[in-house]
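What follows is each chain in one-letter form.
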Amino acid sequence: YIYRGERLPYPEGVLGLEIFGFIMIAIIEPCRLALASQGNKTETVTPLAWSLALSLPLFGAHTYYVRYQTFVLRLDQILNIFSICFLGIEFLLSVITGLVFWQNRRA
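Below, the structure is looked at part by part. Values in this document were obtained by computation on a predicted structure and should not be read as measured data.

## Structural notes on helix α3 (residues 45-68)
In step 1: Between the first and last C-alpha of α3 there are 34 Å, a value that for 24 residues agrees with the 34 Å anticipated at 1.5 Å per step.
In step 2: Within α3, the full set of buried residues consists of Pro47, Leu48, Ser51, Leu52, Ser55, Leu58, Ala61, His62, Tyr65 and Val66.
In step 3: The inward-facing, buried residues of α3 contact α2 (14-42) and α4 (74-106).

## Side note on unusual backbone geometry
In step 1: Backbone geometry places Glu43, a non-glycine residue, at a positive phi of 55 degrees.
In step 2: Its location among the elements puts Glu43 in the loop between α2 and α3.
In step 3: Residue classification places Glu43 among the exposed residues on the basis of a relative accessible area of 53%.

## Focus on the side chain of Arg4
In step 1: Looking at where Arg4 falls in the secondary structure, it is placed in helix α1 (residues 2-7).
In step 2: You can call Arg4 buried: its relative accessible area is 5%.
In step 3: A polar contact is formed between the side chain of Arg4 and the backbone oxygen of Phe71, at a distance of 3.4 Å.
In step 4: Dropping the residues within four chain positions of it, Arg4 is found in contact with Tyr10, Glu18, Gln69, Phe71, Leu73 and Asp76.

Rules of the game
Residues numbered from 1 in each chain as written. Predicted model: local features only at pLDDT ≥ 70, side-chain atom pairs only at ≥ 80, totals over all residues. Heavy atoms only, no water. Helix = DSSP H or I, 4+ residues; strand = E, 2+ residues; numbered from the N terminus. Expected span 1.5 Å × (residues − 1). Buried < 20%, exposed > 50% of the residue type's maximum accessible area, 1.4 Å probe, protein only. Contact = heavy atoms within 4.5 Å. Polar contact = N/O pair within 3.5 Å; in protein donor to acceptor, adjacent residues only side chain to side chain.

Following this line, the structure appears as structure tokens:
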């Protein structure tokens, strides 16, 4: 973002919002991964559900950085598309795992 701020003509205040969004991703992602790991290790549904809930804003953020960011670099597109793919895979696996844990708890 230093390169962008120096080299690209950002509208007033937009660069700060994009940096804030990036910082929020950097805060939410480790929390989501820790919750998913905890839910998987303890075989409980609640942390997995919270992990799934945190995945939704991350999908939105990565989509923003692929499509709607003021200046989208090719590297941004590639990295965010990989992130969206991994998030999708993790989301599906968490849903399946949560359903298995839910059924085992009821049995």
